[in-house]
Amino acid sequence: MTSRLKQHFPTVGNIAMGCMGFGGDWSNDHYNVQDSATVERAIDTCLNHGINLFDHADIYKHGRAEQIFGDVLKASPHLREKMIIQTKCGIRFADEQVPGRYDFSHSWITHSVEQSLAGLNTEQIDILLLHRPDPLMEVDEVARAFDDLKQSGKIKCFGVSNMHPYQIDYLQRYVNVPIIINQLEMSLANNDWVNEGFNAGISNERSHFSPATIEHSQLNDIQLQAWGCLAQGKFTGNGDQTTSHTSNLVIKLANEYNVSPEAIVIAWLMRHPAKIQPVLGTTNAERIKACAQSNEISLSREHWYQLLVSARGQALP
Ligand SMILES: NC(=O)c1ccc[n+]([C@@H]2O[C@H](COP(=O)([O-])OP(=O)(O)OC[C@H]3O[C@@H](n4cnc5c(N)ncnc54)[C@H](OP(=O)(O)O)[C@@H]3O)[C@@H](O)[C@H]2O)c1
């Protein structure tokens, strides 16, 4: 199976870099020299370790994540051709009059893309994702927005995030471009995406993950991307007593495979046949390198299940 992402971008790495952490603090309205140095180092480390897809959103740090990244591209334009840049639109924060909301209107999608192009200092964005489902989505409007963005050359490819299979099918029926990505929260900690499959047909088990999302992606060659893939370090040094059993197992396997603990957590996602692409949220160059080691290993079936059972805290079958 070759995902639509790989079909469109054959050189894409197995791991992606999430840029939500770029641009300083959420509460500040500016970034400083240190923040810029962090981004430069992170980009450099990623590109040196085969991580070439950079995941943004118009809202990250209120636009500053794209801007700080765009500054790096302005100073080093040669980097652009080495990258696949992805961004998202459709979430709007609250303002004085209106609460936080989703907006898939033609005007908001196209406005957001203009902002992202300017922030990122690029003529074209490779992939645009709709960030979170908008209940007021009019598919004809989205189709028109996608057509306009594609025809103007501002966006190459399109995808979604946090959508269930019917939402994707509904959208795909009306838009004239393939939906190539669905980005969802999936990790060793948030493992309901696996439990959902076990629970089919078992009445007393519940999962919060939308049924058949994984299989739908596999059937349609839609690339699954995992946000929150490190679970904020829960099993790699940032956990507590409740996670210590799994953290210890992660360390044991890290020693056995001769990689970092982070690589075990990431490799666990990558071992799934859906070829999930983890989206790293770390801004730390050393942690990026640690995660990249997951490319060097493939967990055994037994180790994969050991990690799952430990993390879900419930035996199988
Ligand atoms: N589509 C969506 O709705 C959606 C939602 C959220 C995020 N995303 C995307 O997914 C990316 C990743 O998401 P995420 O940031 O939530 O997930 P993550 O990769 O699970 O977590 C990254 C965070 O955990 C911290 N961390 C990791 N290991 C640690 C450790 N051992 N000790 C202390 N801190 C540790 C990192 O800090 P350091 O920087 O210090 O390493 C960073 O703040 C984002 O950048 C964004 O691109 C998408």
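Our subject is the structure listed above.
So, here is what we can say about the structure in this document. (Residues numbered from 1 in each chain as written. Predicted model: local features only at pLDDT ≥ 70, side-chain atom pairs only at ≥ 80, totals over all residues.)

**As for the overall build of the protein chain**
Counting its regular elements, the protein chain contains 12 helices and 10 strands. For the protein chain, the C-alpha radius of gyration of 19 Å lies close to 20 Å, the compact-globule estimate for 317 residues. Summarising its shape, the C-alpha atoms of the protein chain cover approximately 50 × 50 × 40 Å along the three principal directions. Burial status across the protein chain gives 42% buried among its 317 residues. Put simply, of all contacts in the protein chain between residues at least 6 apart along the chain, 78% involve residues at least 24 apart. (Helix = DSSP H or I, 4+ residues; strand = E, 2+ residues; numbered from the N terminus. Rg over C-alpha atoms; globule rule 2.2 N^0.38 Å. Buried ≥ 20, exposed ≤ 12 C-beta atoms within 10 Å, placed from the backbone. Contact = placed C-beta atoms within 7 Å.)

**Some thoughts on the pairing of strand β6 (residues 125-130)**
Burial analysis of β6 places 5 of its 6 residues in the buried class, which makes it a mostly covered element. Pairing geometry for strand β3 (residues 84-89) and β6, over 4 bridges, is parallel. Looking at the pairing, Q86 lines up with I127 of β6. Bridge analysis of β6 against strand β7 (residues 155-161) gives 5 bridges, and the strand direction is parallel. Paired with I127 across the two strands is C157, which belongs to β7. The β-α-β motif built from β6, the intervening helix α5 (residues 139-151) and the parallel element β7 has right-handed crossover chirality. (Pairing = 2+ DSSP bridges. Right-handed = clockwise from strand over helix to strand, strands pointing away.)

**Focus: the packing of helix α9 (residues 244-257) against helix α12 (residues 301-312)**
The interhelical angle for the contact between α9 and α12, taken along N-to-C directions, is 160°, at an axis separation of 9 Å. Here α12 runs roughly antiparallel to α9, going by the angle between their axes. As α9 packs across α12, the resulting crossing turns out to be left-handed. For the pair α9 and α12, the contacting residues are H245, T246, L249 and L253 in the first and H303, Q306, L307, S310 and A311 in the second. By residue class, the composition of the contact of α9 with α12 is 4 nonpolar, 5 polar and no charged. (Axes fitted to C-alpha atoms, helices over the stretch in contact; angles between N-to-C directions. Parallel < 35°, antiparallel > 145°, perpendicular 65-115°, else oblique. Left-handed = near helix turned anticlockwise from the far one by under 90°. Nonpolar A, V, L, I, M, F, W, Y, C, P; charged D, E, K, R; others polar.)

**What about unusual backbone geometry?**
Omega for the peptide link from L316 to P317 comes to 5°, which places this bond in the cis form. With respect to the helices and strands, P317 occurs in the segment after α12. Of note, A212 is a non-glycine position whose phi angle comes to about 65°, a positive value. When you line up the elements, A212 lands in the loop between α7 (192-199) and α8 (213-220). Given 16 C-beta atoms within 10 Å, A212 falls into the partly exposed group. Positive phi, close to 60°, is recorded for N258, a residue that is not glycine. Mapped onto the elements, N258 comes out in the loop between α9 and α10 (261-270). Overall, N258 belongs to the exposed group, with 10 C-beta atoms counted inside 10 Å.

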